[in-house]
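Chain by chain, the residues:
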Amino acid sequence: MKAISVASMQEVDRRAAAEYGVPSMVLMENAGAAVARVASEMLGGSPAGRRVVVVAGPGNNGGDGLVAARRLANRGARVRVLLAAEQAGDRPRLSPDALANYQIATRSGIEVVALASLGEDRAGELLASAQLIIDAVLGTGARGAPRGPAMAAIAAIERVSGAVPVLAVDIPSGVDADTGLVAGVAVRATRTVTFGLPKPGQLLFPGAALCGRIDVAEIGFPPALLEQAPPAFEILDARSVRSFLPARPSDAHKGTFGHLLVVAGSRGMAGAGVLASRAAAAAGAGLVTWGLPRSLQDGAFGAVPEALTAGLSEGEEGRLGPASAGEILALQQSRDALVIGPGLGTHPLTRQAVLSVVGNWQKPLVVDADALNALAAEGAERWLRPDAGAAANHPGRILTPHPGEMARLLGKTVGQIQEDRVTHALEAARRFGAVVVLKGARTVVAAPDGRLWLNPAASAALATGGSGDVLAGIAGSLLAQGVGAVEAALAAVYVHGLAGWMAAEGGSVGVTAAGIAARVGEAMRGLMRGEPAPEDLEPVRVLE
Ligand SMILES: NC(=O)C1=CN([C@@H]2O[C@H](COP(=O)(O)OP(=O)(O)OC[C@H]3O[C@@H](n4cnc5c(N)ncnc54)[C@H](O)[C@@H]3O)[C@@H](O)[C@H]2O)[C@H](O)CC1
Ligand SMILES: [K+]
């Protein structure tokens with residue numbers, strides 16, 4: 001499923017009315033009805049007799065809330081609406097559709113009071129005694145930090161946060177629906193109901209942490225308009241990832257699943273090669289060769305019994321030297337893909353070898369960790385040659401930077417990268433002619449042709465040393481099995497997240513990269529069997 005920007009959603013809205021004649025009041029009625037449905041589910045299936053407080057703002061988000069209030073009251077809920085809006089004479093200053101629903105609600109006997117008239121204590125009592133709070137203060141029309149009555153309303157909801165379940169209408173109030181950023185305060189919701197298609201701010205932190213489960217409701221938009229809306233990014237899910245995984249024919253032999261070369265490790269950082277090689281084998285590569293500095297070779301075979309090892313020339317003892325480039329490239333014709341970088345270190349002699357390999361390896365490859373730092377230090381374009389058509393003809397390169405490596409590659413600060421992860425991932429993919437996996441909370445995958453994906457399937461369990469080595473190994477393994485660079489990157493990040501979730505078994509403390517690598521096979525088998533993904537790995541659901 002794709003996420004679309006606020007502007008694109010507003011364009012869908014406009015065209016639905018202008019080209020199809022879908023009245024905005026119909027959309028609002030359906031939106032409010034969807035909110036009431038999920039509210040009912042959160043109240044245990046029947047709202048009758050349950051205490052619900054709807055906090056409604058001045059715009060159409062508030063309008064949705066007023067409709068939901070009425071629909072829940074129609075089913076016997078004891079509903080109160082706290083209005084967070086300025087007064088204009090004897091009536092609240094609301095958007096036209098919200099005002100219409102304000103009048104319908106009041107005529108229907110629903111208690112609607114101005115939040116400001118209650119005072120903080122009384123408002124707090126009402127909210128604290130609710131069995132569900134519906135946050136309809138601000139939606140996609142919010143601009144900047146909440147102010148005035150909306151600000152007071154968000155603060156009032158936040159004061160009971162955690163004690164009372166909160167259902168956010170479209171987006172938790174205070175969260176920017178495009179960026180997920182929070183200026184000031186925002187509501188922490190238990191669940192969120194959004195309309196038509198998800199918005200980026202529901203999937204990007206910190207907004208992603210405030211939405212809870214996201215139900216996408218169909219409220220009457222013509223499907224063609226949603227299909228035509230340009231994606232902000234695709235949201236990765238098990239169903240799409242399953243289609244990327246290589247088939248495992250029963251008459252397979254180890255040659256069927258390719259031979260991956262992992263060039264990783266140096267004195268004091270050999271573990272990176274262990275993790276990448278183990279993960280590669282677990283992800284299904286037929287054969288894995290671990291290429292490492294010759295003086296470390298004897299210690300390696302015990303750590304990864306399923307991998308062959310290739311001792312490579314050293315510069316300094318325990319670090320790859322210039323001659324290793326020729327040795328690695330000589331292995332190219334008998335290998336199907338390469339992972340280069342984990343734990344190699346940044347010694348100038350190693351860097352020289354790495355760049356020569358990255359610039360001349362003509363089969364699919366994953367460039368990770370210190371190989372990325374080498375590219376950053378020497379100018380990535382010079383070695384990846386995207387302009388010379390090398391990228392266009394290259395069978396597939398995947399770069400897997402964390403925010404710090406990305407900052408070095410693009411000459412930005414980590415803060416700048418993190419402020420707009422999607423844009424920077426796309427910039428790198430286009431500049432370097434490679435598939436770019438920008439790791440971090442909600443990994444972003446960008447392709448040189450502009451396509452973008454976000455992987456919600458990740459947990460704090462991945463934030464452990466060596467986790468990136470595991471990811472590189474999985475991606476390289478899939479490349480070796482003949483999976484295309486985009487599909488290999490997408491499947492790798494999802495499998496990595498799922499394996500991390502499995503290793504964490506409900507708590508991310510104490511999860512090690514080795515523990516994640518140990519669950520890679522199980523994660524892939526589960527995906528191949530079509531097992532449903534755990535809810536917290538797939539927070540976006542279609543409201544049937
Ligand atoms: N096409 C759809 O997806 C549909 C969406 N619906 C709902 O409509 C809202 C968007 O409504 P809109 O009126 O554009 O904006 P909001 O209700 O989010 O709020 C605008 C309202 O709030 C004031 N305001 C803006 N920023 C701030 C701020 N920082 N602090 C305080 N007040 C602020 C502004 O002046 C306006 O008065 C969408 O989220 C859905 O819930 C439709 O109902 C169905 C179709
Ligand atoms: K809201």
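Computed from a prediction, not measured in an experiment: that's the story for all the values here.

Colleague: Quick rundown of the UniProt feature "binding site: K(+)" (unreviewed entry) in the protein chain? Include the residues and the values.
Modeller: Mapped onto the present numbering, the UniProt feature "binding site: K(+)" (unreviewed entry) falls on Asn 61, Asp 135 and Ser 173. These annotated residues cover 113 residues of sequence, and their C-alpha atoms lie no more than 9.5 Å from one another, placing them together at a single site. Along the chain, Asn 61 falls in helix α3 (residues 60–74). Those residues in contact with Asn 61, other than ones at most four positions away along the chain, are Asp 135, Ala 136, Val 137, Leu 138, Gly 139, Val 169 and Asp 170. Within the element layout of this structure, Asp 135 appears in strand β7 (residues 132–136). Take Asp 135: its relative accessible area is 0%, and that puts it in the buried class. When sequence neighbours within four positions are dropped, the list of residues in contact with Asp 135 reads Val 55, Asn 61, Ile 157, Val 166, Leu 167, Ala 168, Val 169, Ile 171, Pro 172, Ser 173 and Val 187.

Colleague: Could you give an account of the site of ligand 1, with specific residues and numbers?
Modeller: Near ligand 1 you find 24 residues, and of these Asp 13, Asn 61, Asp 64, Gly 139 and Asp 170 are the closest. Measuring from an oxygen atom of ligand 1, one finds a backbone N or O atom of Thr 140 at 2.9 Å. Between a nitrogen atom of ligand 1 and a main-chain N or O atom of Gly 144, the distance comes to 3.1 Å. Relative to its unbound accessible surface of 880 Å², ligand 1 loses 82% to contact with the protein. Listing elements by their share of the shell around ligand 1, those giving two or more residues are α1 (6–18) and α3. At three residues, the largest contribution of residues to the shell around ligand 1 is made by α3.

Colleague: Before we move on, can you summarise the pairing of strand β16 (residues 365–368) with the specific residues and values?
Modeller: Alternating positions in β16 separate into two faces, Leu 365 and Val 367 on one and Val 366 and Asp 368 on the other, with burial throughout. In terms of strand pairing, strand β15 (residues 337–340) meets β16 through three bridges, oriented parallel. Within β16, the position partnered with Leu 338 by the bridge is Leu 365. Of the crossover connections in this fold, the one passing from β15 over helix α13 (residues 348–360) to the parallel β16 is right-handed. In the sheet, β16 pairs with strand β17 (residues 397–400) via four bridges, with the strands oriented parallel. Following the sheet pairing, Asp 368 is matched in β17 by Thr 400.

Colleague: So what's going on with the sheet that holds strand β2 (residues 51–56)? Which residues, and what values?
Modeller: In space, the eight strands of this open sheet follow the order β6-β3-β2-β7-β8-β9-β10-β21, with parallel pairing throughout. The two strands at the open ends of the sheet, each matched to only one other strand, are β6 (111–114) and β21 (540–542). When the angles between neighbouring strand axes are averaged without regard to direction, this sheet yields 20°. Contacting β2, β3 (78–83), β7, β8 (166–169) and β9 (191–195), α3 runs over the sheet at an angle of about 150° to β7.

Colleague: Please give an account of the packing of helix α17 (residues 403–410) against helix α19 (residues 421–432) that cites residues and values.
Modeller: Pairs of packed helices are described in terms of their axes, by the angle between the two and the distance that separates them. Put simply, α17 and α19 touch, their axes get as near as 11 Å, and they point 55° apart. It follows that α17 is oblique to α19 by the angle criterion. In the crossing of α17 with α19, the sense of the turn from one axis to the other is left-handed. Here Pro 403, Met 406, Leu 409 and Leu 410 of α17 lie close against α19, whose contacting residues are Arg 421, His 424, Ala 425, Glu 427, Ala 428, Arg 431 and Phe 432. Residue composition of the contact of α17 with α19, grouped by class: seven nonpolar, one polar and three charged.

Here is what the cut-offs are and how they apply
Residues numbered from 1 in each chain as written. Chains lettered and ligands numbered in written order. Predicted model: local features only at pLDDT ≥ 70, side-chain atom pairs only at ≥ 80, totals over all residues. Heavy atoms only, no water. UniProt positions renumbered as here; feature names shortened; annotations may be inferred. Helix = DSSP H or I, 4+ residues; strand = E, 2+ residues; numbered from the N terminus. Contact = heavy atoms within 4.5 Å. Buried < 20%, exposed > 50% of the residue type's maximum accessible area, 1.4 Å probe, protein only. Near = heavy atom within 4 Å. Polar contact = N/O pair within 3.5 Å; in protein donor to acceptor, adjacent residues only side chain to side chain. Areas by Shrake-Rupley, 256 points an atom, 1.4 Å probe, with all protein chains shown as cover. Pairing = 2+ DSSP bridges. Right-handed = clockwise from strand over helix to strand, strands pointing away. Axes fitted to C-alpha atoms, helices over the stretch in contact; angles between N-to-C directions. Parallel < 35°, antiparallel > 145°, perpendicular 65-115°, else oblique. Left-handed = near helix turned anticlockwise from the far one by under 90°. Nonpolar A, V, L, I, M, F, W, Y, C, P; charged D, E, K, R; others polar.

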